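# Reading the structure
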Amino acid sequence: MAGRWMNLGQYNARGVRGADALGAGIENMVTGIHSPANTDRGIAARLRYLTASTAGYAAMERAGVTVTPRTLFAWLAEERMPNAANRRRLDAAYWDLRRHNVAADLKRRLAVRGGTRVEIDPVDQTAVDRRHRRDLATRRLTVRPRHWNAAVDAWLADDDEALDAVWDDVIHDLGSDYDSYSYISSLGWHA
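Summary of the structure given here.

What counts, and at which threshold
- Residues numbered from 1 in each chain as written.
- Predicted model: local features only at pLDDT ≥ 70, side-chain atom pairs only at ≥ 80, totals over all residues.
- Heavy atoms only, no water.
- Pairing = 2+ DSSP bridges.
- Helix = DSSP H or I, 4+ residues; strand = E, 2+ residues; numbered from the N terminus.
- Contact = heavy atoms within 4.5 Å.
- Axes fitted to C-alpha atoms, helices over the stretch in contact; angles between N-to-C directions.
- Buried < 20%, exposed > 50% of the residue type's maximum accessible area, 1.4 Å probe, protein only.
- Arc of directions from axis to C-beta.
- Salt bridge = Lys/Arg side-chain N within 4 Å of Asp/Glu carboxyl O.

Strand order across the open sheet formed by 4 strands is E1-E4-E2-E3, with antiparallel pairing between neighbours. Each end of this open sheet is capped by a strand with a single partner; those strands are strand E1 (16–17) and strand E3 (139–143). With respect to the sheet, helix H1 (residues 18–28) is in contact with E1 and strand E4 (183–189), its orientation differing from that of E4 by roughly 25°.

Next comes the structure, spelled out in structure tokens:
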């Protein structure tokens, strides 16, 4: 991570790491079942999605869903409902599989026409004493496909260090002012 903001908050500035904002933005692009996991409809939809492929069974195993085939068939037939712990595990397995299934589509969408234009809002300095404020403006730049591919891969692997390296690479395109955007208020794009 770039260094000038290592003591973010010392003068009451507020923001998040750029890498965290990047990861959250990618996460917000993942859509799925709207019915909550604690409803019959939500569980039935998750079970159908998870049992439609071997990757779904692997996701359930990673999430800790360990039931007999008989119990799984009873859940699918809606004769029995999973307990609260298994509902949470099924929901986690569903989102894990969903992330893996949409990763390629996210890369394609973000890399269209040479990359996606992003808007970076600097840290919120409204509570900072005037003498300690930095003159920072909202910046716009195009994030190139190689950065998006690396960012989606890091997000999918839950690799904070790799996502931070991608963010540092992206903000270098801002020129000499890049280090001022290590922490930001928000990051937005449309893809």
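Moving on, we come to helix H3 (residues 54–63). Every buried residue of H3 is accounted for by Gly56, Ala59 and Met60. The arc that holds the buried residues of H3, viewed along the axis, is 100°, so those residues lie on one side. For H3, the exposed residues lying more than 90 degrees away from the buried face are Thr54, Glu61 and Arg62. Where H3 is buried, its residues meet helix H2 (40–50) and helix H5 (84–111). Immediately downstream of H3, the backbone of glycine 64 shows phi near 90°, a positive value.

Right, let's get into the pattern of salt bridges. Pairs can form between side chains of opposite charge whenever their charged atoms are close. A complete count under the given rule lists 12 salt bridges for this structure. The partner of aspartate 105 in a salt bridge is arginine 108, with the nearest N and O atoms 2.4 Å apart. Of this pair, aspartate 105 and arginine 108 are both found in helix H5, 3 residues apart, which corresponds to roughly one turn of the helix. With a relative accessible area of 30%, aspartate 105 lands in the partly exposed category. Aspartate 105 is the salt-bridge partner of arginine 109, the closest N and O atoms lying 3.6 Å from each other. One end of the pair is arginine 109 and the other is aspartate 105, both in helix H5 and 4 residues apart, which spans about a single turn. Salt bridges sharing common partners tie together Arg17, Asp20 and Asp164.

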